[in-house]
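For reference, the chains in residue letters:
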Amino acid sequence: MYILMKKVSSIFIVDDDPITVFGIKKVLKPVAMCDDVQIFQNGKEAFDALKERTEKDQCIPEVIFLDINMPIMDGWDFLEELIRLDIKEHIIINMITSSIDPLDYQKWNEFKDKCPHTLNFKNKPIFKIETSDLDSINMAS
Amino acid sequence: MKAVERIAQHYLLKQLPKATALVAMDGMVSDASDSWLNIFGIAPKDSIGVNIFALYGESDALREKLMESRTFSLRHCIGKEMDKRWLESTFAPWYDEKENIIGTIIQTDDISREVEKERELEKVNHILKTKSEVSQVGCWEYTIETEELFWCDETKKIHHVDPSYTPNVTDAIAFYKQGYSRNKIAMLVHSAINEGTPFNKKLTIVTQDGEEKWVSAAGKPVLENGKIVKLFGTIQDINVQVTTETRIKHHQQLLTALIDNLPLNVFVKDLDSRKILVNKAECQYLEKSAKDLIGKTDFDLYETEVAKISREEDLEVIRTLKPMLGKETISIKKNGKATNFLTSKIPLFDLEGKISGLIGIGMDITAMKKKEDQLRNLINITSVQNKKLINFAHIVSHNLRSHSANFSMLLKFLSEEENETEKAHIMEMLNQASDSLLETLENLNQVVDINTNVTLSKQPLNLNLSISKVRQNLSAFLEKNKVNIINNIPADMMVWSVPAYLDSIILNLVTNAVKYSSPDRNPIITMDAKKGEKTLIFSVSDNGMGIDLERYGDKIFGMYKTFHNRKDAKGIGLYIIKNQIEAMGGSITVNSEVDKGATFNVYFNEESK
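Residues numbered from 1 in each chain as written. Chains lettered and ligands numbered in written order. Predicted model: local features only at pLDDT ≥ 70, side-chain atom pairs only at ≥ 80, totals over all residues. Heavy atoms only, no water.

Trainee: Whenever I open this one, the overall build of chain A confuses me. Can you help?
Mentor: Scanning chain A for helices and strands turns up five helices and seven strands. Listed by position from the N terminus, the elements making up chain A come as β-β-α-β-β-α-β-α-β-α-β-α. For chain A, restricting intrachain contacts to residue pairs at least 6 apart in sequence, the fraction spanning at least 24 positions comes to 79%. Total accessible area on chain A is roughly 7000 Å²; 52% of this is exposed by carbon and sulfur atoms. (Helix = DSSP H or I, 4+ residues; strand = E, 2+ residues; numbered from the N terminus. Contact = heavy atoms within 4.5 Å. Areas by Shrake-Rupley, 256 points an atom, 1.4 Å probe, with all protein chains shown as cover.)

Trainee: What is the right way to read the overall build of chain B from this model?
Mentor: Helix and strand counts for chain B come out as 20 helices and 22 strands. For chain B, the proportion of its 609 residues judged to be buried stands at 37%. Across chain B, every contact between residues at least 6 apart in sequence was considered, and the portion connecting residues at least 24 apart equals 50%. In the form shown here, chain B has an accessible surface area of approximately 36800 Å², with 54% of it arising from carbon and sulfur atoms. (Buried < 20%, exposed > 50% of the residue type's maximum accessible area, 1.4 Å probe, protein only.)

Trainee: What should I look at first to understand the sheet that holds strand S1 (residues 19–24) of chain B in this one?
Mentor: The pairing of strands in a sheet comes from backbone hydrogen bonds and takes either a parallel or an antiparallel form. All names here are of chain B. Spatially, the five strands line up as an open sheet ordered S2-S1-S5-S4-S3, and their pairing is antiparallel. Each edge of the open sheet carries a strand with a single partner, namely strand S2 (29–32) and strand S3 (72–78). Neighbour-to-neighbour, the strand axes of this sheet turn through a mean angle of 25 degrees, independent of strand direction. Across seven bridges, S3 lies against strand S4 (residues 85–95) in antiparallel orientation. Considered in S4, the bridge of Arg75 is made with Glu88. Running at roughly 125 degrees to S4, helix H5 (residues 112–135) makes contact with S3, S4 and strand S5 (101–110) of the sheet. (Pairing = 2+ DSSP bridges. Axes fitted to C-alpha atoms, helices over the stretch in contact; angles between N-to-C directions.)

Trainee: Hey, could you run me through the sheet that holds strand S20 (residues 535–542) of chain B in this one?
Mentor: All names here are of chain B. Overall, mixed pairing links the five strands, which are arranged S17-S19-S20-S22-S21 in an open sheet. Lying at the two open borders of the sheet, with one neighbouring strand each, are strand S17 (484–487) and strand S21 (587–593). Going from strand to strand, the sheet's axes swing by 15 degrees on average, the running direction of each strand aside. Where S21 and strand S22 (residues 597–605) come together, seven bridges link them in antiparallel fashion. Bridging from a neighbouring strand, Glu593 pairs with Gly597 of S22. Sitting on the sheet, helix H18 (residues 499–515) touches strand S19 (524–531), S20 and S22, and the angle it makes with S22 is about 170 degrees.

Trainee: How should I be thinking about the interface of chain B and chain A in this particular structure?
Mentor: One frequently used descriptor of interface size is the decrease in accessible area upon assembly of the parts. Listed per partner, the contact involves 28 residues of chain B and 25 residues of chain A. Contact with chain A buries area across many residues of chain B, yet Arg401, Met409 and Phe413 of chain B alone supply 24% of it, more than any other trio. Joining chain B to chain A, the criterion identifies two salt bridges. Breaking the side of chain B that touches chain A down by element, the ones donating at least two residues are helix H14 (366–416), helix H15 (420–452) and helix H19 (549–552) of chain B. (Buried area = accessible area lost by both parts, 1.4 Å probe. Salt bridge = Lys/Arg side-chain N within 4 Å of Asp/Glu carboxyl O.)

Trainee: Looking at this model, I keep getting lost on the side chain of Asn340 of chain B. Mind explaining?
Mentor: All names here are of chain B. Here Asn340 shows up in strand S14 (residues 338–349). The buried category is assigned to Asn340, whose relative accessible area is 16%. Once residues lying within four places of it in the same chain are set aside, the contact partners of Asn340 are Thr329, Ile330, Met363, Asp364, Ile365, Thr366 and Lys369.

Trainee: Quick question: what am I supposed to make of the packing of aromatic side chains here?
Mentor: Within a pair of aromatic rings, the relevant descriptors are the distance that separates the centres and the angle that separates the planes. Tallied over the full model, the rule gives 13 aromatic pairs over all chains. Relative to Phe341 of chain B, the ring of Tyr285 of chain B has its centre 5.1 Å away and its plane inclined at 80 degrees; by these criteria the two rings are edge-to-face. Taken together, the positions of Tyr285 of chain B in helix H10 (residues 280–286) and Phe341 of chain B in strand S14 put the pair 56 residues apart, joining distant regions of the chain. Look at Phe341 of chain B and you get buried, because its relative accessible area is 5%. Ring pairs connect the aromatic residues Tyr105, Trp108 and Phe121 of chain A, which therefore count as one cluster. Residue placement shows Lys114 of chain A over the ring face of Phe111 of chain A; its charged tip is 4.6 Å from the ring centre. (Phe/Tyr/Trp six-rings, centres within 6.5 Å; stacked < 30°, edge-to-face > 60°. Lys NZ or Arg CZ within 6 Å of the ring centre and 35° of its normal.)

Trainee: Help me out: how do you make sense of the state of the cysteines in this one?
Mentor: By definition, a disulfide is the covalent link that joins the sulfur atoms of two cysteine residues. As enumerated under the stated definition, the model contains zero disulfides over all chains in all. Cys59 of chain A takes part in no disulfide bond, and the closest cysteine sulfur, belonging to Cys34 of chain A, lies 8.2 Å away. (Disulfide = S-S within 2.5 Å.)

Trainee: Teacher, can you tell me more about the confidence of the model for chain B here?
Mentor: Interpretation of this model should avoid reading the predicted coordinates in detail wherever pLDDT is low. Mean pLDDT for chain B: 87, with 95% of residues reaching 70 or above. With a pTM of 0.49, the predicted complex shows an ipTM of 0.83. (pLDDT = per-residue confidence, 0-100.)

Trainee: Would you take a moment to explain helix H20 (residues 573–583) of chain B for this structure?
Mentor: It helps to recall that an α-helix has 3.6 residues per turn; residues three or four apart then point in one direction. Residue and element names in this part refer to chain B. Judged by how many residues are buried, H20 sits mostly within the fold: eight of eleven residues are covered. Along H20, the positions that sit buried rather than exposed are Gly573, Leu574, Tyr575, Ile576, Ile577, Asn579, Gln580 and Ile581. Where H20 is buried, its residues contact H14, H15, H18, S21 and S22. Immediately beyond the C-terminal end of H20, within one or two residues, lies Gly585, with a positive phi of roughly 80 degrees.

Trainee: I would appreciate a short explanation of the packing of helix H1 (residues 18–28) of chain A against H14 of chain B in the present structure.
Mentor: Two measures define how a pair of helices packs: the angle their axes make with one another and the distance between the axes. Packing of H1 of chain A against H14 of chain B brings their axes to within 10 Å, and their N-to-C directions diverge by 40 degrees. Taken together, H1 of chain A and H14 of chain B sit at an angle that is classed as oblique. The two elements H1 of chain A and H14 of chain B cross, and the hand of that crossing is left-handed. Listed contacts from H14 of chain B to Ile19, Thr20, Phe22, Gly23, Lys26 and Val27 of chain A of H1 of chain A are Asn406, Met409, Leu410 and Phe413 of chain B. Tallied by class, the residues present in the contact of H1 of chain A with H14 of chain B amount to six nonpolar, three polar and one charged. (Parallel < 35°, antiparallel > 145°, perpendicular 65-115°, else oblique. Left-handed = near helix turned anticlockwise from the far one by under 90°. Nonpolar A, V, L, I, M, F, W, Y, C, P; charged D, E, K, R; others polar.)

Trainee: Looking at this model, I keep getting lost on the environment of Gly49 of chain B. Mind explaining?
Mentor: Residues and elements named next belong to chain B. Note on placement: Gly49 falls in the loop between helix H2 (34–40) and helix H3 (52–56). It is 9.7 Å that separates the C-alpha atoms of Gly49 and Asp31, two residues lying 18 residues apart in sequence. Once you skip the residues sitting within four places of it in the chain, Gly49 turns out to touch Met28 and Val29.

Trainee: Which parts of the structure should I look at to understand the packing of H15 of chain B against H20 of chain B?
Mentor: All names here are of chain B. In the contact formed by H15 and H20, the axes pass within 9 Å of each other and the chain directions differ by 10 degrees. With respect to each other, H15 and H20 are oriented roughly parallel. On the side of H15, the interface is formed by Gln446, Val447, Ile450 and Asn451, while H20 contributes Tyr575, Ile576, Asn579, Gln580 and Ala583. Taken together, the residues of the contact of H15 with H20 break down into five nonpolar, four polar and no charged.

Trainee: What's the story with the nonpolar core in this structure? I'm lost.
Mentor: Residues and elements named next belong to chain B. Counting residues in each nonpolar core, the largest one holds 49 residues, and the members touching the most others are Leu463, Leu509, Phe538, Phe600 and Phe604. For this core, the element with the highest residue contribution is H18, accounting for eight residues. When we break this core down by domain, the ones giving at least three residues each are domain 4 (370–452) and domain 5 (459–605). Setting aside residues no more than four positions away along its own chain, Phe538 makes contact with Leu463, Ile467, Ile489, Ile506, Leu509, Met527, Asp528, Ala529, Phe600, Asn601, Val602 and Phe604. (Core = buried A, V, L, I, M, F, W, Y, C linked by side-chain atoms within 4.5 Å. Domains from an automatic or database assignment.)

Trainee: Looking at this structure, how should I read unusual backbone geometry?
Mentor: When glycine is set aside, most residues are seen to have a negative phi, and most peptide bonds are trans. Cis peptide bonds are those with omega within 30 degrees of zero, and the linkage from Lys124 of chain A to Pro125 of chain A qualifies with 0 degrees. Mapping Pro125 of chain A onto the fold places it in the loop between strand S7 (118–123) and helix H5 (137–140). Positive phi values are uncommon outside glycine, yet Glu147 of chain B reaches one of about 60 degrees. Note that Glu147 of chain B resides in the loop between strand S6 (137–143) and strand S7 (148–151). Classification of Glu147 of chain B as exposed rests on a relative accessible area of 56%. With a phi angle near 55 degrees, Asn225 of chain B is a residue other than glycine that sits in the positive phi range. Within the fold, Asn225 of chain B resides in the loop between strand S9 (212–224) and strand S10 (227–237). Relative accessible area serves as the criterion here: at 81%, Asn225 of chain B is assigned to the exposed category.

Put into structure tokens, the structure is as follows:
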């Protein structure tokens, strides 16, 4: 079986559910090589870290796994703030949710148009990571 | 002797007071009284040689008449224009002793005055006849002794009989329509004859050719020496008037019956908005008689504000001449009773087409309005319930889905995992997932309970007693957090609530206030209660972290919504008490300022028990 290992400089996982975080980490392991995987309990924590990195000119995450329902700052609010940061580097954002609410899907569609980064929509459970979740080849070509 | 006789005879004739002349066979006047000569303007000395054919003109006809040797009269006139006089002469044969006709004896009367009178009478009769024709008033006269009945031409015309018709009492009465009219006229005539009672009555006759018509029959006795000898009366054809009147009355009655029995309030107003007609429904609504309402304005009957609006509507209709149709209005009577109407105001024009007022029609829609409100209320409740249900369904599906997703993910990992340590780790995770699923189910169950437990009934509870109970249960927790509770609630304040819900509300609000207290200061919780008209407001204020309401305002009472990074924030407490409060018909609001504190206001519904 041919497995492509992708080298990723930095990954953010934003989710308040430890089991989901565990799962994401687990499915990432065989497909991605990354020394900088950061876990955040909510949007606020992730945003604060991201902001700090842009200010200090540190490495911006290439990939973000983002939960929608979180306390303090949910996924949508995080996205809003992220767009406002006006980051030059391209980020692949994977929205992870157990929601099957059509409203969430609609919202994702709206965000996809105004977000300069790649925005994927993934329903739980996560069994494996697609190449498109880590790479924007499809978009770039 | 002969001469003496002659002279005596001549003298005698001359002196006769009645104008007399003796005329020979040839028409020559042989002798005449002075009065006769005077009539014709002949001096006594000229009397001899006057020929009567010259005096009477029409000589041939007269001559022939005279030849018949019979007495006859002749009317003639002499003079011209102003001096014209009417005379009447009687010609009688003049016999001698041997019964031989020797001439004619003429006696002449001046009948100018009689002729004048006759003419006058004729004129009066003519006027009378014309008058009775024009006014269609006929007259009749009944002579009691002879039982003779006289009808004038007009009377005959009214009965549609020939001018030659001769009436009698029996037939005359038979002309009246069988039944009331005939009985009545017979009775009236009878009592007029016997008691002298005059009468005047509207009755129906049937004419000769079978036409029914209304007449006004009048009669009165004519007395002679205190005795009733005649009846004189009139008869007038009033068929047109009566039928018109009847038709108008019929229309009026129809209109009145219609207006009065309409299940609508109907009124007519003049240009000054004074009522000039009201129907039964309007009278009943205003609890006044029609007489008391006529001439009144809305200012006399309704609250000033309502009357002002109504007057403005009236003026608008009068000004624009356009009807106001089916407008929803509210009338508030002086006693404060309000009624909803569907009102129409239609301009009313007089016969010349000028605006003279307006017709108002009002339909009482109070009951309908109430039903509508009830229905709207029900729809609101239903739609709120529906929204809640959809929301709840989302919560359920989301929460259960997230757990099931975790299960299926972990199970897949487990099945693929070979490393024993990792397997144990996954198993631990599965246990965690199972625990949190159970907890979630428990929470959801609690919410379902609140929304389905309709059997729980509210009862009056002492608010302070419930607070004390909660404080006792939380005493260790409160002490540990150094909480100062300021209770401003009057000792006897009662609140209508489900006991368990009241405890839950107090418990959640107090623990929330402590949980989200500021790390910089000891928590102070202030409790207040205020009784409103239909609600009791229970307030819990703290000096804690506060909540950014602009950001989270719409989510604060949502399920699993937490806004502070605290390990024990589960986002279920406020969601549950909101459900409990709403299940009791109340509501909850929040005011807050970040880092100052928050105030939760619970509105207990004191109306629906």
